[in-house]
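Given next are the chains, with one letter for each unit.
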Amino acid sequence: MGVCALFEHRTSIIEPRIREGAGEMLTEGLVVVHECLGEKEQRLRRLVIKGPIAKTAKPGQFVAVQVQDSSISSFDPLLRRPISLAQISPDQDEITLLYRIQGRGTEILARACCGERLSIMGPLGQGFSVPKEGELWLIAGGIGIFPLYALAQDALARGLTVRLFWGGEHQRFLESAGLLQWQALGIPLHLSTLDGSFGLKGLVTEQVEEQLSLLFGQTKQEQPLSGGSIRIATCGPKKMMQAVTELGRNFGVPVEVSLEERMGCAVGACLGCVCTLRDEAGTLIHKKVCQDGPVFRGEEVVWDVSC
Amino acid sequence: MCPVDLTTHIAGITLRNPVLTGSGTYGFGEEYAAYCPVDALGGITLKGLTPEPRLGNEVPRLVETPAGLLNAVGLENPGLEEFLRSYLPKVRKLPTAVIANISGFSLEDYVQMARALQRDSGLAALEVNISCPNVKHGGMHFGTDPKSAEEVIGAVKAVTDLPIIAKLSPNVTDIVEMARAVQSGGADALSLINTLLGMSIDLDQQRPVLANTFGGLSGPAIRPVAVRMVWQVSQAVDLPIIGMGGITRWQDAVEFFLAGASAISIGTGNFVNPQAPLEILQGIEDYCAKRGMASVHELVGLAHVS
Ligand SMILES: Cc1cc2nc3c(=O)[nH]c(=O)nc-3n(C[C@H](O)[C@H](O)[C@H](O)COP(=O)(O)OP(=O)(O)OC[C@H]3O[C@@H](n4cnc5c(N)ncnc54)[C@H](O)[C@@H]3O)c2cc1C
Ligand SMILES: Cc1cc2nc3c(=O)[nH]c(=O)nc-3n(C[C@H](O)[C@H](O)[C@H](O)COP(=O)(O)O)c2cc1C
Ligand code: FES
């Protein structure tokens, strides 16, 4: 009986409908800059959006952008696209998204003109943790560099020491994807390319290992070394992040990784985007990349299952 | 214009309005709260539960298709016990009608869950999913064989005092036969439709995109199928129908009412626009008001009248 009464009570609540306060997470952002990033062949874009998101966003968080062509209403493509915050400027109320045209959705997004409004959900997910002091090493593979810029700016503003390890295919990619901006930060850069056209030839992780060894002695110790005040944040291909996590473990350096998964709701409601982690008891569990991540502690991620 | 009465009566429960959210697309009710106030909704349907916890399928679980979405989540859920302990105390406090959704692999599974979920749990109704396409034997057999469907609905009806909503699978030749079967089993209402079984193949990998190979298709792509099924079933059985499948705009919702649905549910549409329920509700009200209707109920099945 109590329940029935409760329901009657519930249904008598006056219709609230679309109210103040609700929907602050869904905004119509104004496109203020949308341009080619670097050389055309790299298919990279820089999109600056004006809106309230910048006031609350943290590095490592992302937004879910509607990619429908605003001139013709259509449900194809249907879903929003997750894109990380590459720059957060609360004073200007601006966020910067850097993205690669990958398929149909980003292709349509690339057509959005300045002055247009884009429907944006966010800021979403849990970002990187920024240590209070010490040194932050950023390790990026390819376009995994994009979310790390916001983190670098934040960390530098807090007086941390920051260095970047970044690997890309070739010089033209690195230059297109923002090398100049990184150089302007005045931090140590350890660059590598697969073809050796810039920086060292090879994988970015080789440079990370080398620097860690220089600091702490040889790797592959029985006992993990104590990495002191260094923290690592990494974003890029899964294999790279796995290798970085491994290095972190060997040298006793905590690693945070930013995972990617296909998303439906982007708010934790559909379970489309799960990743597998190992909890403290060693049990395999699922977490939602959109809501619990995209940033996780590297050592809790189970890399070798595909789910 | 006179205000339109949006109050909706279904299966003995009173909803403040006919706009619900679809199971598996709205988590446990709070995930979308920052986008759409829970107390604006007629009700929320929770993620499908099974007796035991399930991790579900591997990723990728989602693939976008033309105006649609294929999903193969595989009924990931915390299991009955954990639901009762950690989720129910929260969801029963939500300021809207909360409908639990149950799935099983055997008759006993369904009965066990129905027994544990009674009126005093604070839930408004029990939606019995006899149609999940994403797990092997995931109740699909209950959803495609009329005899089993009748049996499972009868069995849950016998052990709970909650109203029973039977959620039907569209992956059948004759939806009317299934609807009649669950009516005989004692269902108080119907949810139509669950997802349509589909698949998508990656041309580069030359492999299925979904880890599970097959998935359930939802979104605007399936709406015409859903509207057709609501139309057919509403002509054949007396039970109120919660219509769903591809509703993203108020016009879609009105189409379902006209076809014979008494309420509607929004699933994939929330992913596209998390405020869709609010906009759809407003649109339904305006549509009725413009036509001088005093109640949304007047819309139900209107397209059938010759
Ligand atoms: C948390 C997060 C942050 C991201 N940040 C960035 C960023 O800052 N810059 C950037 O260029 N890209 C980023 N991505 C990847 C970006 O979301 C995809 O490139 C984009 O969704 C591709 O859409 P599309 O329609 O062009 O490609 P299609 O391949 O046609 O997309 C088809 C479907 O698959 C999904 N999809 C395809 N690739 C990915 C992917 N890598 N990750 C997740 N979903 C994918 C799409 O969203 C869409 O639903 C991020 C992904 C995630 C999960
Ligand atoms: C990601 C996802 C998960 C779903 N999980 C469930 C579920 O657990 N139980 C269920 O009965 N239906 C489930 N469904 C089906 C929906 O509730 C709904 O019936 C279907 O998606 C059609 O409506 P739509 O086109 O509005 O999404 C799920 C759908 C999606 C997209
Ligand atoms: S995308 Fe829906 S739970 Fe993460």
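Note that the structure is a prediction, hence the values are computed from the model and not measured.

*Asks:* Quick question: what am I supposed to make of the overall build of chain A here?
*Replies:* Scanning chain A for helices and strands turns up eight helices and 16 strands. Looking at chain A as a whole, 53% of its 307 residues are labelled buried. Sequence-distant contacts in chain A: of pairs separated by 6 or more residues, those separated by 24 or more amount to 66%. Carbon and sulfur atoms make up 50% of the accessible area of chain A, which totals about 14,100 Å².

*Asks:* What exactly am I supposed to notice about the site of ligand 2 here?
*Replies:* Residues and elements named next belong to chain B. In the region of ligand 2, 21 residues are neighbours, and Ser-23, Lys-167, Gly-219, Gly-246 and Thr-268 sit closest. Take Gly-246: an N or O atom from its main chain is 2.6 Å from an oxygen atom of ligand 2. Isolated, ligand 2 exposes 610 Å² of accessible area, and the fraction of that covered by the protein chains is 98%. Taking a 2 Å distance to the grid points as the criterion, the majority of the atoms of ligand 2 fall inside the largest cavity. Class assignment for the residues of the shell around ligand 2 results in three nonpolar, 16 polar and two charged.

*Asks:* What should I look at first to understand the packing of aromatic side chains in this one?
*Replies:* Between two aromatic rings, the relevant description is the distance of the centres plus the angle of the planes. Residues and elements named next belong to chain B. Scanning the entire structure with this criterion turns up ten aromatic pairs over all chains. With a centroid separation of 4.8 Å and 20° between ring planes, the pair formed by Tyr-26 and Tyr-32 is classed as stacked. Take Tyr-32: its relative accessible area is 1%, and that puts it in the buried class. Ring centres 5.9 Å apart and planes at 50° place the aromatic pair Trp-250 and Tyr-287 in the tilted group. Pair noted here: Trp-250 is in helix 7 (residues 250–259) and Tyr-287 is in helix 9 (residues 276–290), with a separation of 37 residues, a long-range link. On the accessibility criterion, Tyr-287 (17% relative accessible area) is buried.

*Asks:* Explain the packing of helix 7 (residues 204–216) of chain A against helix 8 (residues 238–251) of chain A here, please?
*Replies:* The axes of two packed helices give the description: the angle between them and the distance between them. Residue and element names in this part refer to chain A. The contact between helix 7 and helix 8 brings their axes to 10 Å, and the two run at 10°. In this view, helix 7 runs roughly parallel relative to helix 8, as classed from their interaxial angle. Across from Val-204, Thr-205, Val-208, Glu-209, Leu-212, Ser-213 and Phe-216 in helix 7, the residues of helix 8 making contact are Met-240, Ala-243, Val-244, Leu-247 and Phe-251. For the contact of helix 7 with helix 8, the per-class residue count stands at nine nonpolar, two polar and one charged.

Calculation criteria
Residues numbered from 1 in each chain as written. Chains lettered and ligands numbered in written order. Predicted model: local features only at pLDDT ≥ 70, side-chain atom pairs only at ≥ 80, totals over all residues. Heavy atoms only, no water. Helix = DSSP H or I, 4+ residues; strand = E, 2+ residues; numbered from the N terminus. Buried < 20%, exposed > 50% of the residue type's maximum accessible area, 1.4 Å probe, protein only. Contact = heavy atoms within 4.5 Å. Areas by Shrake-Rupley, 256 points an atom, 1.4 Å probe, with all protein chains shown as cover. Near = heavy atom within 4 Å. Polar contact = N/O pair within 3.5 Å; in protein donor to acceptor, adjacent residues only side chain to side chain. 1 Å grid on protein atoms, 1.4 Å probe; cavity = no way out; pocket = protein on both sides within 12 Å on 5 of 7 lines; lining within 4 Å. Sits in = over half its atoms within 2 Å of the grid points. Nonpolar A, V, L, I, M, F, W, Y, C, P; charged D, E, K, R; others polar. Phe/Tyr/Trp six-rings, centres within 6.5 Å; stacked < 30°, edge-to-face > 60°. Axes fitted to C-alpha atoms, helices over the stretch in contact; angles between N-to-C directions. Parallel < 35°, antiparallel > 145°, perpendicular 65-115°, else oblique.

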